[in-house]
Amino acid sequence: MDDILQEFLEETNESLNSLDPLLGELETSPFNKDLIGQIFRVFHTIKGTCGFLGLNRLESLAHSSEEILSK
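Residues numbered from 1 in each chain as written. Predicted model: local features only at pLDDT ≥ 70, side-chain atom pairs only at ≥ 80, totals over all residues. Heavy atoms only, no water.

Novice: Just to check I follow, could you spell out the overall build of the chain for this structure?
Specialist: Helices and strands together make up the secondary structure of the chain, namely three helices and zero strands. Start at the N end of the chain and walk to the C end: the helices and strands fall as α-α-α. In terms of overall dimensions, the chain has C-alpha extents of about 40 × 20 × 15 Å along its principal axes. Residues classed as buried in the chain amount to 27% of the 71 residues present. The long-range share in the chain, meaning contacts at least 24 apart out of those at least 6 apart in sequence, stands at 48%. (Helix = DSSP H or I, 4+ residues; strand = E, 2+ residues; numbered from the N terminus. Buried < 20%, exposed > 50% of the residue type's maximum accessible area, 1.4 Å probe, protein only. Contact = heavy atoms within 4.5 Å.)

Novice: I keep staring at helix α3 (residues 56-70) and nothing clicks. Help me out?
Specialist: Helical geometry note: an α-helix holds 3.6 residues per turn, so side chains three or four residues apart project in the same direction. With 15 residues, α3 ought to run about 21 Å at 1.5 Å a step, and its terminal C-alpha atoms sit 21 Å apart, in line with that. All buried positions along α3 are accounted for by A62, S65, E66 and L69. Looking straight down α3, one finds that the buried residues subtend no more than 100° of arc, so they occupy a single side. Set apart from the buried face of α3 by more than 90 degrees, the exposed residues are N56, R57, I68 and S70. The secondary structure elements touched by the buried residues of α3 are α1 (2-28) and α2 (33-53). (Expected span 1.5 Å × (residues − 1). Arc of directions from axis to C-beta.)

Novice: Is there a simple way to think about the packing of α1 against α2 in this case?
Specialist: Two measures define how a pair of helices packs: the angle their axes make with one another and the distance between the axes. At a minimum axis separation of 10 Å, α1 and α2 run at an interaxial angle of 160°. Viewed along their axes, α1 and α2 adopt a mutual orientation that is roughly antiparallel. At the point where α1 passes α2, the crossing takes the left-handed sense. For the pair formed by α1 and α2, the contact residues are I4, L5, F8, T12, S15, L16, S18, L19, L22, L23, E25 and L26 on the first element and L35, I36, Q38, I39, V42, F43, I46, T49, C50 and L53 on the second. Looking at the contact of α1 with α2 residue by residue, the class counts come to 16 nonpolar, five polar and one charged. (Axes fitted to C-alpha atoms, helices over the stretch in contact; angles between N-to-C directions. Parallel < 35°, antiparallel > 145°, perpendicular 65-115°, else oblique. Left-handed = near helix turned anticlockwise from the far one by under 90°. Nonpolar A, V, L, I, M, F, W, Y, C, P; charged D, E, K, R; others polar.)

Okay, here's the thing in structure tokens:
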């Protein structure tokens, strides 16, 4: 399990780093559906992996992020 958790942390860190420029772009293009979809998929992947690993609080945070993007 430690290897799986370590891999999750590495992949999630990469995903979160990829969000920085996307979120910056979202500020200037708040209605860009493709961009919102990209960001949504990052949170969706994190949420799914958190559910698999039993990281309930982080899963809930990712789910809330999805809900915000859905609006």
